[in-house]
Amino acid sequence: MTKPWESDNCEQLRSHFAYYAVPVAAMLWCGVPPEDVESELTNAAAHPATRGVWSHPYIRCLEPRCRVIHDAIDSGILPCSRENGRTVALGEHVAAERRHVSRDDLKEWIARQFPADKP
């Protein structure tokens, strides 16, 4: 018999402190299910557009969404971090390939900037 704490995966709590690399965030924003993101990123890796911006042969929104996320980071509208999840100070340089955004910041920014998109 399974005990209640053995089946609780704490998904809601996990999502609260989730940080995504920009291509992952863009894939999720494109509607790619979380369980398919890694395999689709493998396909996108063969089609890099530029540093930190990926394109995909079938997911056409990936490249523009990567670009707009980077633009929001560069403009100081969307906070970013490196892989460790600690938000960097505004103006601090983070290489495009290392940029990560928090799930909560991303959802709030999408809702504000692109209200027709449902984050």
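Residues numbered from 1 in each chain as written. Predicted model: local features only at pLDDT ≥ 70, side-chain atom pairs only at ≥ 80, totals over all residues. Heavy atoms only, no water.

For the protein, the helix and strand inventory stands at six helices and four strands. Listed by position from the N terminus, the elements making up the protein come as α-α-β-α-α-β-β-α-β-α. Buried positions account for 34% of the 119 residues belonging to the protein. Partitioning the intrachain contacts of the protein with sequence separation of at least 6 by distance along the chain shows that 50% fall at a separation of at least 24. On the protein, roughly 7700 Å² of surface is accessible, and the fraction owed to carbon and sulfur atoms is 52%. (Helix = DSSP H or I, 4+ residues; strand = E, 2+ residues; numbered from the N terminus. Buried < 20%, exposed > 50% of the residue type's maximum accessible area, 1.4 Å probe, protein only. Contact = heavy atoms within 4.5 Å. Areas by Shrake-Rupley, 256 points an atom, 1.4 Å probe, with all protein chains shown as cover.)

Within the secondary structure, L90 sits in the loop between α5 (62-74) and β4 (100-102). On the accessibility criterion, L90 (73% relative accessible area) is exposed.

A word on the packing of helix α3 (residues 22-29) against helix α4 (residues 37-45). α4 packs onto α3 with a crossing angle of 115° between their chain directions and a minimal axis gap of 10 Å. Taken together, the axes of α3 and α4 are roughly perpendicular relative to one another. You can see that α3 and α4 cross each other, and the crossing is right-handed. Contact with α3, carried on its side by P23, V24, M27 and L28, involves V37, E40, L41 and A44 of α4 and no other residues of that element. For the contact of α3 with α4, the per-class residue count stands at seven nonpolar, no polar and one charged. (Axes fitted to C-alpha atoms, helices over the stretch in contact; angles between N-to-C directions. Parallel < 35°, antiparallel > 145°, perpendicular 65-115°, else oblique. Left-handed = near helix turned anticlockwise from the far one by under 90°. Nonpolar A, V, L, I, M, F, W, Y, C, P; charged D, E, K, R; others polar.)

Moving on to the pattern of salt bridges. Considering all chains together, one arrives at eight salt bridges under this definition. Put simply, R98 and E83 hold a salt bridge, and the shortest N to O gap is 2.9 Å. Taken together, the positions of R98 in the loop between α5 and β4 and E83 in the loop between α5 and β4 put the pair 15 residues apart, joining distant regions of the chain. A residue is classified by how much of its surface remains accessible, and R98, at 37% relative accessible area, is partly exposed. Here E108 and R112 are joined by a salt bridge, their closest N and O atoms 3.2 Å apart. Within this pair, E108 and its partner R112 are both found in helix α6 (residues 103-113), separated by four residues, close to a single helical turn. Judged by its relative accessible area of 44%, R112 is partly exposed. (Salt bridge = Lys/Arg side-chain N within 4 Å of Asp/Glu carboxyl O.)

What is shown is where atoms sit, not what they do.
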